[in-house]
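Breakdown of the fold
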Amino acid sequence: MGRYRGPIVKIARRLGVNVAETEKVQKFLDRRPYPPGQHGQKRARRPSDYAVRLREKQKLRYIYDVSERQFRNLFDDVTRLPGVKGTNLLIALESRLDNVVYRMGFAVTRPQARQMVSHRGVLVNGKSVNLPSFQVRACDQI
């Protein structure tokens, strides 16, 4: 299974967060601040603890454009490190090459940064890297 290519506005409305971080999605969220579908406007029940944790995980997955398997493998790697797991997971997600390119301002959105990396538009330490999931260290030159 590849990346999610479906309607991102629907995902953003379901999660209640602008996962694409674009003005277009924010416009739709402002216009309709309730979940999509026939029953989206009904008053929702209080979510369980599991539902709250699942929704936060899904927010991270869609914001960083990571598949479930990639996310699970990343979490398994992070659990071996000392320290708080959640903080280490965010550090690992932020140190992905596509996210670093986005944070440096080379791309306007994370999908654009991912495309730049996959089309070999980025050099890391003088070598061309086309893996968006490449883990960048503090001493790397981009």
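These notes cover the structure that comes with them. (Residues numbered from 1 in each chain as written. Predicted model: local features only at pLDDT ≥ 70, side-chain atom pairs only at ≥ 80, totals over all residues. Heavy atoms only, no water.)

Our focus in this paragraph is the packing of aromatic side chains. Describing an aromatic ring pair means giving the distance of the ring centres and the angle of the ring planes. Scanning the model with the defined rule gives one aromatic pair in all. An angle of 80° between the planes, with centres 5.6 Å apart, marks the rings of Tyr-4 and Tyr-62 as edge-to-face. Here Tyr-4 is found in the segment before helix 1 (8-15), whereas its partner Tyr-62 is found in helix 3 (residues 49-64), with 58 residues between them in sequence. The ring of Phe-28 carries Lys-27 above its face, with NZ or CZ at 5.4 Å from the centroid. When the ring centre of Tyr-62 is taken as origin, the NZ or CZ atom of Arg-61, which lies over that ring, is 5.4 Å away. (Phe/Tyr/Trp six-rings, centres within 6.5 Å; stacked < 30°, edge-to-face > 60°. Helix = DSSP H or I, 4+ residues; strand = E, 2+ residues; numbered from the N terminus. Lys NZ or Arg CZ within 6 Å of the ring centre and 35° of its normal.)

Formed by 18 residues in total, the largest nonpolar core has its most connected members in Val-19, Val-25, Leu-89 and Leu-93. Mapped by element, the contributors of at least two residues to this core are helix 1, helix 2 (23-31), helix 3, helix 4 (68-79) and helix 5 (85-94). Tallying contributions element by element places helix 1 first for this core, with four residues. Those residues in contact with Val-25 that lie beyond four places of it in its chain are Ile-8, Val-9, Ala-12, Asn-18 and Ala-20. Core analysis: the second largest hydrophobic core is formed by eleven residues, Val-100, Ala-107, Val-117 and Val-129 among them. (Core = buried A, V, L, I, M, F, W, Y, C linked by side-chain atoms within 4.5 Å. Buried < 20%, exposed > 50% of the residue type's maximum accessible area, 1.4 Å probe, protein only. Contact = heavy atoms within 4.5 Å.)

Inspection of every chain in the model, using the stated rule, returns eleven salt bridges. Close ionic contact of Glu-21 with Arg-110 constitutes a salt bridge, the shortest N to O distance being 2.6 Å. One end of the pair, Glu-21, is in the loop between helix 1 and helix 2; the other, Arg-110, is in helix 7 (residues 110-118), with 89 residues separating them in the sequence. With relative accessibility at 8%, the residue Arg-110 sits in the buried group. (Salt bridge = Lys/Arg side-chain N within 4 Å of Asp/Glu carboxyl O.)

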